[in-house]
Amino acid sequence: MRGDEIVGRGANRTQRDSDATAHAEMIAIRDASRALGSWRLEGCTLYVTLEPCAMCAGAMVLARVDRVVFGAWDVKAGMAGSLGDLLRHPQLNHRPEVLAGALANECGAVLTEFFETRRGD
């Protein structure tokens, strides 16, 4: 989002596209960059259900996203405080504001349903 406008959307497409980089965040960043005509997403907030992994956190830094808001923590792969904190690493030239745990219970429920559906539970 930039201001009140949604400038990009994404959903996990790794299996559908047979593409390990097709995480929802990556798709949303690409979509927003196309919509805005720029790789720099300054002034934008990226909302995600799950704490970003290293790849997605790196892309957020490189895209100059101003703020990252996520719901559920990812203790196995999260890079916004769980395993490490790439988003706020002091040696990087850009560090977005991070708001963690937003609607954590609701996000956890969405993720549980998603993975149960994928596994066929």
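Residues numbered from 1 in each chain as written. Predicted model: local features only at pLDDT ≥ 70, side-chain atom pairs only at ≥ 80, totals over all residues. Heavy atoms only, no water.

1. Some words on the packing of helix H2 (residues 24–36) against helix H3 (residues 54–62)
So the rule is basically this: Axes, fitted as lines to C-alpha atoms, cover a helix only where it is in contact. Angles between the N-to-C directions of the axes lie from 0 to 180 degrees. Strands here mean DSSP runs of E at least two residues long; helices mean DSSP runs of H or I at least four residues long; both are numbered from the N terminus. When describing relative orientation, an angle under 35 degrees is termed roughly parallel and one over 145 degrees roughly antiparallel, while 65 to 115 degrees is termed roughly perpendicular and anything else oblique. If you view the pair so one helix is near and one far, a crossing is left-handed when the near helix is turned anticlockwise from the far one by less than a right angle, and right-handed when it is turned clockwise. Contacts are residue-level and defined by heavy atoms, with any inter-residue pair within 4.5 Å sufficient. Note on residue classes: Ala, Val, Leu, Ile, Met, Phe, Trp, Tyr, Cys and Pro are nonpolar, Asp, Glu, Lys and Arg are charged, and everything else, Gly too, is polar.
Running from amino to carboxyl end, H2 crosses H3 at an angle of 20°, the nearest separation of the two axes being 9 Å. Comparing their axes, H3 and H2 come out roughly parallel. Where H2 crosses over H3, the handedness of that crossing is left-handed. In contact with Glu25, Met26 and Ile29 of H2, H3 contributes Met55, Cys56, Ala59 and Met60. Taken together, the residues that form the contact of H2 with H3 break down as 6 nonpolar, no polar and 1 charged.

2. Things to note about the pattern of salt bridges
The condition that has to hold: By definition here, a salt bridge exists when the distance from a side-chain nitrogen of Lys or Arg to a carboxyl oxygen of Asp or Glu is within 4 Å. Categorising residues by exposure relies on relative accessible area from a 1.4 Å probe, with only protein chains included: less than 20% of the type maximum marks a residue as buried, more than 50% marks it as exposed, and the intermediate range marks it as partly exposed.
Counted under the stated rule, the structure contains 5 salt bridges. The closest approach of N and O atoms between Asp17 and Arg16, which form a salt bridge, is 2.8 Å. In this structure Arg16 comes out as exposed when scored by relative accessible area, which is 63%. For the salt bridge of Arg67 with Glu97, the shortest nitrogen-to-oxygen distance reads 3.0 Å. Here Glu97 lies in strand S3 (residues 97–100) and Arg67 lies in strand S2 (residues 67–72), a separation of 30 residues in the sequence. Salt bridges sharing partners connect three or more residues here, namely Arg13, Arg16 and Asp17.

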